[in-house]
Amino acid sequence: MNDLMDITDDVLIRESVREPEQFAPLFDRHAVAIHRYLARRIGAPADDLLAETFLIAFRRRESYQPVGLEVRAWLFGIATNVLHRHVRQEERHYRALARAAGEQPRPHTDDSADDRVDAVALRADLAAALARLKARDRDALLLLAYAQLSYAEIAAALDIPVGTVRSRINRARKVTRAVLAPLEVDK
């Protein structure tokens, strides 16, 4: 067989229907990026969600349609859907981050310490802003920010039109700016 680096993801999926071991390189190629995305969204459960994502992808590999959808975007779509099952936990995670960061003491020892505290406070405010977003708007924004997918890839991953992606990201940015804007005035 050819060097695995020369074989496209589409071919690997098709081949894995007959030879299940051909699915393994897809995990090797995409697991780190998907895990990073999941970890940034949900924290510690990312390992379990990653495993569930690839288990679902493996089980659904026969139904994969490459027309207009790259394997990477397909996997991020599955990961996002798996994450939806855990959305309550995600919202609690963001609220806890916001509360925990709000309880941090503000030391005044030097500028670098102040900068670190400011960064923690900003993280808390950002977490609060993300928690306020509708799940579908948050999904689109975080696929853009965390997974660095293009609008077209987000549309494919979420099975929505590109225009809807633009609308969701625009709404998410407005909400996020509204929450974070008062912070810029205070500085």
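Refer to the structure printed above.
These numbers were taken from a predicted model, which means no experiment stands behind them. (Residues numbered from 1 in each chain as written. Predicted model: local features only at pLDDT ≥ 70, side-chain atom pairs only at ≥ 80, totals over all residues. Heavy atoms only, no water.)

Chemist: Just checking my understanding: could you explain the overall build of the protein for this structure?
Modeler: On a plain count of helices and strands, the protein comes out with nine helices and zero strands. Along the protein, from the amino end to the carboxyl end, the secondary structure elements read α-α-α-α-α-α-α-α-α. Per-residue burial for the protein yields a buried fraction of 40% across its 187 residues. Excluding contacts between residues fewer than 6 apart, the proportion of contacts in the protein whose partners are at least 24 apart in sequence is 62%. If you sum the accessible surface of the protein, you get close to 10900 Å²; carbon and sulfur atoms cover 52% of it. (Helix = DSSP H or I, 4+ residues; strand = E, 2+ residues; numbered from the N terminus. Buried < 20%, exposed > 50% of the residue type's maximum accessible area, 1.4 Å probe, protein only. Contact = heavy atoms within 4.5 Å. Areas by Shrake-Rupley, 256 points an atom, 1.4 Å probe, with all protein chains shown as cover.)

Chemist: Is there a simple way to think about unusual backbone geometry in this case?
Modeler: It is generally the case that most residues other than glycine have a negative phi and that most peptide bonds are trans. In this model, Gln148 sits at a positive phi of 55°, which is unusual for a non-glycine residue. Look at Asp159: it is not a glycine, yet its phi comes out positive at around 60°. Tracing the backbone through its elements, the reader meets Asp159 in the loop between helix 8 (151-158) and helix 9 (162-186).

Chemist: What should I look at first to understand helix 3 (residues 46-59) in this one?
Modeler: It helps to recall that an α-helix has 3.6 residues per turn; residues three or four apart then point in one direction. Over its 14 residues, helix 3 runs 20 Å from end to end, which matches the ideal 20 Å to within 8%, given 1.5 Å per residue. Turning to helix 3, its buried residues number three or more, namely Ala46, Leu49, Leu50, Thr53, Phe54, Ile56 and Ala57. For helix 3, the angular spread of the buried residues around the axis is 160°, confining them to a single face. In this structure, helix 3 carries Asp47, Asp48 and Arg59 as exposed residues pointing more than 90 degrees from its buried face. Buried residues along helix 3 sit against helix 2 (24-42) and helix 4 (71-84). (Expected span 1.5 Å × (residues − 1). Arc of directions from axis to C-beta.)

Chemist: Hey, could you run me through the nonpolar core in this one?
Modeler: If you look at soluble globular proteins, the nonpolar side chains tend to sit buried side by side. With 47 residues, the main nonpolar core has Ile34, Tyr37, Leu38, Trp74, Phe76, Leu143 and Ile154 as its most contacted residues. It is helix 4 that contributes the most residues to this core, nine residues altogether. Both domains that meet at this core, namely domain 1 (1-110) and domain 2 (113-186), each give it at least three residues. If we skip the residues at most four places from it in the chain, Phe76 touches Ala33, Ile34, Tyr37, Leu143, Ala147, Leu149 and Ala157. (Core = buried A, V, L, I, M, F, W, Y, C linked by side-chain atoms within 4.5 Å. Domains from an automatic or database assignment.)

Chemist: Please explain the environment of Thr80 as it appears in this structure.
Modeler: Along the polypeptide, Thr80 turns up in helix 4. Along the chain, Thr80 and Leu142 lie 62 residues apart, while their C-alpha atoms are 9.9 Å from each other. Leave out the neighbours within four places in its chain, and Thr80 touches Tyr37, Asp139, Leu143 and Leu158.

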